[in-house]
Amino acid sequence: QVQLVESGGGLVQAGGSLSVSCAGPGRTFSMYGMGWFRLAPGKEREFVAAINWSGGSTRYSESVKGRFTISRDNAKNTVFLQMNSLKLEDTALYYCAAALLAGVNDAERLYKYWGQGTQVTVAS
């Protein structure tokens, strides 16, 4: 079983910035394409961002493009999501996930392993 542990969520003012991170398994971390998803109250879980195994290719949802940046450090087995210009509608439980496919994956069904989530709350 692959364990993913998110950290870094919290409360931030609208327009502010926040970074969340996700620690993955050692040795095999670079084998996985990684992604971030979020679940907001009353909504279905949605794709946020994804990155391929090397970090050389990324993809974003239209709602966060230009504001969020996904990156990874394979030496530290960690994937990051830098969130800038946060909006009220970014409030959600953010999950990181690992896909067995090493490329950029935006389909939730391709992700096999999931973290427990970290809460991000944007206040006015």
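The present account deals with the structure reproduced in this document. All values derive from a computational prediction rather than experimental measurement.

Our focus in this paragraph is the pairing of strand E9 (residues 92-99). When you tally the buried positions in E9, you get seven out of eight residues, the bulk of the element. Summarising the sheet, strand E4 (residues 33-39) and E9 pair through seven bridges and their orientation is antiparallel. Looking at E9, one finds that Phe37 is bridged to Tyr95. As paired elements, E9 and strand E11 (residues 118-123) share three bridges and run antiparallel to each other. The partner of Leu93 across the bridge, within E11, is Gln119. Note that E9 and strand E10 (residues 111-114) share three bridges and pair antiparallel. Bridge assignment links Ala97 to a residue of E10, and that residue is Trp114.

Definitions and limits used
Residues numbered from 1 in each chain as written. Predicted model: local features only at pLDDT ≥ 70, side-chain atom pairs only at ≥ 80, totals over all residues. Heavy atoms only, no water. Buried < 20%, exposed > 50% of the residue type's maximum accessible area, 1.4 Å probe, protein only. Helix = DSSP H or I, 4+ residues; strand = E, 2+ residues; numbered from the N terminus. Pairing = 2+ DSSP bridges.

Interpretation in functional terms is not warranted from these geometric data alone.
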